[in-house]
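Descriptive analysis of the structure
What follows is the residue order along each chain.
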Amino acid sequence: MLTVHMEKQLSHFTLDVKFNVGREIAVLFGPSGSGKTTILNGIAGLTKINDGEIRLNERVLFREGKSLVPVQERKVGYLFQDYALFPHKTVWENIEYGMKQESFAKKLIDKLQVGHLLTQYPHEISGGEKQRTALIRAIATEPELLLLDEPFSALDEKTKNNSYEQLLAVHQEWHIPIILVTHNKSEVELLADKVLYMKNGKIMEEKLQEKEKISLKM
Amino acid sequence: MEHINFFPLWLSLKTAGISTVVVFLSGVFLAYIIARKVFVGKSVVEAIFLLPLVLPPTVVGFGLLYLFGKNGIIGKLLMDLFDFQIVFTWYGAVIASIVVSFPLMYQSASAAFQQYDKNIENAALTMGKSRWKVFWTISFPLAWPGLLAGLVLAFARGLGEFGATLMLAGYIPNATDTIPLAIYFAVESGKMDVAKFWVMIIVALGFFAILWLNWWSARNMMKHSR
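Residues numbered from 1 in each chain as written. Chains lettered and ligands numbered in written order. Predicted model: local features only at pLDDT ≥ 70, side-chain atom pairs only at ≥ 80, totals over all residues. Heavy atoms only, no water.

An unreviewed UniProt entry annotates chain B as Molybdenum transport system permease of Pseudogracilibacillus auburnensis. Per UniProt, chain B carries the Subcellular location (unreviewed entry) text "Cell membrane". The Sequence similarities (unreviewed entry) comment attached to chain B in UniProt states, word for word, "Belongs to the binding-protein-dependent transport system permease family. CysTW subfamily." (UniProt positions renumbered as here; feature names shortened; annotations may be inferred.)

Identification of chain A as Molybdate transport system ATP-binding protein from Pseudogracilibacillus auburnensis is taken from an unreviewed UniProt entry.

Sequence positions flagged by UniProt for "domain: ABC transmembrane type-1" (unreviewed entry) are, in local numbering, residues 9-211 of chain B. From the first C-alpha to the last, residues 9-211 of chain B spans 20 Å; its make-up is 79% helix and 0% strand. (Helix = DSSP H or I, 4+ residues; strand = E, 2+ residues; numbered from the N terminus.)

Residues and elements named next belong to chain A. One pass over the full model with this rule turns up twelve salt bridges over all chains. As a salt-bridge pair, K202 and D16 come within 3.8 Å of each other at their nearest N and O atoms. Taken together, the residues K202 in strand β11 (residues 202-207) and D16 in strand β2 (residues 14-21) connect sequence positions 186 residues apart. The exposure class of D16 is partly exposed, given its relative accessible area of 27%. Across the pair R63 and E53 runs a salt bridge, and its minimum N-O distance is 3.0 Å. A residue pair is termed long-range when its members are at least 10 positions apart, and R63 in strand β5 (residues 59-63) and E53 in strand β4 (residues 51-56) qualify at ten residues. Looking at E53, the relative accessible area reads 25%, which means it is partly exposed. (Salt bridge = Lys/Arg side-chain N within 4 Å of Asp/Glu carboxyl O. Buried < 20%, exposed > 50% of the residue type's maximum accessible area, 1.4 Å probe, protein only.)

Across the contact, 20 residues belong to chain A and 21 residues belong to chain B. Three residues stand out in chain A for area buried against chain B, namely Q72, H88 and Y97 of chain A, and they jointly supply 35% of the buried area on that side. In this structure, the connection of chain A to chain B is made through zero salt bridges. For the pair chain A and chain B, the number of links is four residue pairs in polar contact (both at pLDDT 80 or more). (Contact = heavy atoms within 4.5 Å. Buried area = accessible area lost by both parts, 1.4 Å probe. Polar contact = N/O pair within 3.5 Å; in protein donor to acceptor, adjacent residues only side chain to side chain.)

All names here are of chain A. The two faces of β4 differ: G52, I54 and L56 on one face are buried, but D51, E53 and R55 on the other face are not. Where strand β1 (residues 2-9) and β4 come together, six bridges link them in antiparallel fashion. Its bridge partner lying in β4, T3 is registered against R55. Linking β4 to β5, which pair antiparallel, is a turn of two residues; within it N57 sits at a positive phi near 55°. (Pairing = 2+ DSSP bridges.)

On to helix α1 (residues 36-44) of chain A. Residues and elements named next belong to chain A. Judged by how many residues are buried, α1 sits mostly within the fold: eight of nine residues are covered. Regarding α1, the residues found buried are K36, T38, I39, L40, N41, G42, I43 and A44. Following α1 by one or two positions, G45 adopts a phi angle in the positive range, close to 90°.

Quick look at unusual backbone geometry now. We note that E64 of chain A has phi near 50°; this positive angle belongs to a residue other than glycine. Assignment of secondary structure puts E64 of chain A in the loop between β5 and β6 (66-67). The exposed category is assigned to E64 of chain A, whose relative accessible area is 64%. Positive phi values are uncommon outside glycine, yet N174 of chain B reaches one of about 65°. Classification of N174 of chain B as partly exposed rests on a relative accessible area of 47%.

Residues and elements named next belong to chain A. In space, the six strands of this open sheet follow the order β7-β8-β9-β3-β10-β11, with mixed pairing throughout. Unpaired on one side and paired on the other, β7 (76-79) and β11 mark the two borders of the sheet. Each adjacent strand pair in this sheet contributes to an overall mean axis angle of 20°, direction not counted. In terms of strand pairing, strand β3 (residues 25-29) meets strand β10 (residues 194-199) through four bridges, oriented parallel. The partner of F29 across the bridge, within β10, is Y197. (Axes fitted to C-alpha atoms, helices over the stretch in contact; angles between N-to-C directions.)

Take the sheet that holds β2 of chain A next. Residues and elements named next belong to chain A. Spatial ordering of the open sheet is given by β2-β1-β4-β5-β6, a layout of five strands whose pairing is antiparallel. Edge positions in the sheet fall to β2 and β6, since each has one partner strand and no second. Bridge analysis of β5 against β6 gives two bridges, and the strand direction is antiparallel. In the strand pairing of β6, R63 is matched with K66. Packed on one face of the sheet, α1 meets β1, β2, β4 and β5 and runs near 115° to β1.

Further remarks concern the packing of aromatic side chains. By the definition in use, this model includes 28 aromatic pairs over all chains. Between F49 of chain B and Y106 of chain B the ring centres are 5.0 Å apart and the planes differ by 65°, which places this aromatic pair in the edge-to-face class. Residue F49 of chain B is located in helix α2 (residues 42-54), and its partner Y106 of chain B is located in helix α5 (residues 90-114); the two are separated by 57 residues in the primary sequence. Judged by its relative accessible area of 18%, F49 of chain B is buried. Three or more aromatic residues link up through ring pairs in this structure, and these residues are F24, Y32, F113, W132, F135, W136, F140 and W144 of chain B. Looking at K129 of chain B, its charged tip hangs above the ring of Y97 of chain A, at a distance of 5.3 Å from the centre. (Phe/Tyr/Trp six-rings, centres within 6.5 Å; stacked < 30°, edge-to-face > 60°. Lys NZ or Arg CZ within 6 Å of the ring centre and 35° of its normal.)

Before going further, it helps to examine the UniProt feature "transmembrane region" (unreviewed entry) in chain B. All names here are of chain B. Here the UniProt feature "transmembrane region" (unreviewed entry) sits at residues 16-35, 47-68, 88-113, 134-156 and 197-216. Between the first and last C-alpha atoms of residues 134-156 the distance is 30 Å; the span itself is 100% helix and 0% strand. Between the C-alpha atoms that bound residues 197-216 there is a distance of 28 Å. The span itself is 100% helix and 0% strand.

What follows is the structure, given as structure tokens:
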């Protein structure tokens, strides 16, 4: 369970958000510039927060203006916008960099079908392949929480649909809390167990009853 | 042709070599911690770092004399505490080289650390790696082409330093006569053949340094766009 209370002064408004995420996919939805990436960075420990508290399972990561756990120890997997793959390392070296167990990483590689790309470099693979590599790289660290920052925005429609299926399959198998940032409404309908709507620096939660099913082509 | 004393060659390579090592380590370190941060006074700090690029060498030399001269703030301290002198020694030539070549290294390193997405480092941190490990395995390799360019430029600049060296280290044959000083004083004393010899040496050193760097950069670009 992730419990977040975060306050941060941004250039044009104050971010003051409170929300919880269980073993579900929570979609953080809002327009560009509403602070979504800031929230993810605050949870990951990559940006300073002014006040609040962040708890992940039994651990307090941040409280009363102080980071209590450094970035490296938060056990938060993060799939960045534009994927942030290491350009000087192959697909396998990217995945291997932070993986905890090789057998688990290989299982993910099979599941997400990147086995034929392991010796290639990021500039040699497609957008969808980069996205899958970045997802495997994040999950191979065996995080307690997964953060995804607009992971599908650069993909074409067909690749997006494949990626939605893969994310749902990954979540079905490994039930960790996931926060997905998007400003695409259809991704809310397709993927969210819960929606966190950003407005004026605050969040309104909405639990969804039904998720539109995508026929699994895998 | 007059017999050539090769001491200036060894002295130049020694002083430029030492100054390049110092400048590389300090330039890379400062560029890494400063370049991508935003803080009050950053532009002032960077203006100070880059100042020797735009100042006349005599101004740089004057400043160094003020600091390291026999009555200078640091010079006097070194003499009183350690009986150690900077002026009119080859150490002065090293310091002059460091001051004039540092801006080139800092600028190259600064650009090198800013040319890749910072999220690449953030990703490595979230994967459990220490900042030191992230620097060695991610930041340094990605910045290396730019760092190497800075290193070669800093070496070439250090090798060619004249004005500030003359003011701080002076011209003492077989002690502080780097190649540029040897050229100047050879011309002054009418030894044109000696001057020509050293001019060819330093042009060759500079030319082959730049040629090698261009070749290496082109090869590196080809390797990453295959």
